[in-house]
Amino acid sequence: MIKPLRLLAYLAICGGLSGCASSFLSAAGPSIRQIQHQAEPDQSDATPPYQLVDLNARTIAPYMRPPEPEPVAAVTEKHMPQLRLAPGDVIRLMVADTAADGGIFAPLSTGGTVFQQLRVEADGRLSLPYVGHISVAGLTPYETERLIRRRLKGVSVDPQVHVALTGDRSGAVLVAGAVKNPGRVSTLDGPLTLLDAINQAGGAVLEPYLVRVTLRTGDHAEVYNYQDVLEGRNRVIPPDSEVILDRNRQRFVAMGAVVKPGLHDFPSPNPSLLEALGVVGGLRDSTSDATGVFVFRLTDAPAASNTAVPAQSQAQVFRLNMADPSALFLARQFLVQPEDAIYVTNAGVYEWQKIISPIVQVLVLGRAADALGR
């Protein structure tokens, strides 16, 4: 008669040997056999859920890292826009009288009469002595000088007027987000480019390839990668724009038998699989199967130009046999893309250990119980 504990051990052995690849064992993902099986078309008309690509010297060409871009020689052209006053601007006004004595304003030889920090009100008007309220919004400094000179006719003899913009609150560019010194950047010295605005805000606090730059002009929004801006996509930005820097989604997921599984930032603008494996500490020696290094990728297929059907997502799985010495060169050439999942399967020996260990424990417990029952 088989005792209960021995019967339990016998059932565990049978179940383990008959269902090694079944789901009763804990695992971080599918096995090599499961991945290969689903990629093979069956007898039905259903298409496989993904395309399995074995990476080798013949298949890697479409998936290689791009060459380093050539430096761009051209510089960004700055077109000086016509400066016009707007609500919130601050001007410095100098009025000088040509009369040597008895003039309302100080003569030009002494520097004239200076009005500092005159702010254009929300309704676009200025309030000046002997002039009253005048509307200056939309006028250039020269046009403002002519207007004030006309309003002083009969009050002063041939007045000399000079207007200088000292604060351009309305035209300043706001830089916010992942920069060292967020705030408004003045455009008094001339038009700004994206690099001008970001540099005046202290620069980005992240690596350039991890930074997304959003430019809002009031009419439209544009998105850039900061690395691309540095490599030649710099452009002039209009006054009163907003430049927002935030973290770009340049990352990948590592799963399975790696030293540091989890979500990781890209180590470089165009990382190779070898770089990505280096970031996660490489394969775990005690558990990994070097023949089962996979990259899972979901991409949007281009939609046909003559149809309104939206683009379909394409699933691809890339397999690399890292047990082959030449695979190190392939891993150095393979380009990892954002949101890729790198998965390393467990070794078969480790899977057997997961099966055998509980069986051995049951047998040991059964022997101990038999010894106690005697």
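Described in the following lines is the structure provided in the data block. (Residues numbered from 1 in each chain as written. Predicted model: local features only at pLDDT ≥ 70, side-chain atom pairs only at ≥ 80, totals over all residues. Heavy atoms only, no water.)

### Looking at the packing of aromatic side chains
If you walk through the whole model with that rule in mind, you get seven aromatic pairs. Between the aromatic rings of Phe-105 and Tyr-130, the centroid separation amounts to 5.8 Å while the plane-to-plane angle is 80°, which identifies the pairing as edge-to-face. You can see Phe-105 sitting in the loop between β2 (89-96) and β3 (113-119) and its partner Tyr-130 sitting in the loop between β4 (125-128) and β5 (132-135), a full 25 residues away along the chain. The exposure class of Phe-105 is buried, given its relative accessible area of 5%. Since its relative accessible area comes to 51%, Tyr-130 is described here as exposed. Of the aromatic side chains, those joined through ring pairs into one cluster are Tyr-63, Phe-318 and Phe-334. (Phe/Tyr/Trp six-rings, centres within 6.5 Å; stacked < 30°, edge-to-face > 60°. Helix = DSSP H or I, 4+ residues; strand = E, 2+ residues; numbered from the N terminus. Buried < 20%, exposed > 50% of the residue type's maximum accessible area, 1.4 Å probe, protein only.)

### Quick notes on helix α5 (residues 226-233)
Note on helix geometry: an α-helix contains 3.6 residues per turn, so any two residues three or four positions apart are oriented the same way. Looking only at α5, the buried set comprises Tyr-226, Gln-227 and Val-229. Along the axis of α5, the buried residues cluster in a sector spanning 165°; they form a single face. Its buried side turned inward, α5 meets α4 (194-200), β10 (211-216) and β11 (221-225). (Arc of directions from axis to C-beta. Contact = heavy atoms within 4.5 Å.)

### Points about helix α3 (residues 141-151)
The set of residues buried in α3 consists of Pro-141, Thr-144, Glu-145, Leu-147 and Ile-148. For α3, the arc enclosing every buried residue in end-on projection is 165°, short of the 170-degree limit, so these residues lie on one face. Exposed side of α3, more than 90 degrees from the buried face: Tyr-142 and Arg-150 are the residues found there. Taken together, the buried residues of α3 touch β2, β4, β5 and β6 (160-168).

### Section: the sheet that holds strand β7 (residues 173-177)
Strand order across the open sheet formed by five strands is β8-β7-β13-β10-β11, with mixed pairing between neighbours. Only two strands of the sheet have a single neighbouring strand rather than two, namely β8 (183-185) and β11. Averaged over all pairs of adjacent strands, the angle between strand axes in this sheet comes to 25°, irrespective of strand direction. As paired strands, β10 and β11 are joined by five bridges and run antiparallel to one another. The residue of β11 that forms the bridge with Leu-215 is Glu-222. Packing against the sheet, α5 makes contact with β10 and β11, and its axis sits at approximately 85° to β11. (Pairing = 2+ DSSP bridges. Axes fitted to C-alpha atoms, helices over the stretch in contact; angles between N-to-C directions.)

### Notes on the pattern of salt bridges
Applying the stated criterion across every chain yields a total of 10 salt bridges. Asp-340 is the salt-bridge partner of Arg-297, the closest N and O atoms lying 2.7 Å from each other. With Arg-297 in strand β16 (residues 288-300) and Asp-340 in the loop between α7 (327-333) and β18 (341-346), this residue pair connects regions lying 43 residues apart in the sequence. Grouping residues by exposure puts Arg-297 and Asp-340 together as buried. If you follow the salt bridges from partner to partner, you end up with Arg-249, Arg-251 and Glu-339 in one network. (Salt bridge = Lys/Arg side-chain N within 4 Å of Asp/Glu carboxyl O.)

### Some remarks on the sheet that holds β2
A sheet is described by the order of its strands in space; here three strands give the open sequence β3-β2-β6, paired in antiparallel fashion. Each edge of the sheet is formed by a strand with only one pairing partner; in this case those strands are β3 and β6. When the angles between neighbouring strand axes are averaged without regard to direction, this sheet yields 15°. Direction of pairing for β2 relative to β3: antiparallel, over a ladder of five bridges. Its bridge partner being in β3, Leu-93 is matched across the sheet by Phe-115.

Any functional reading would require information that these geometric values do not contain.
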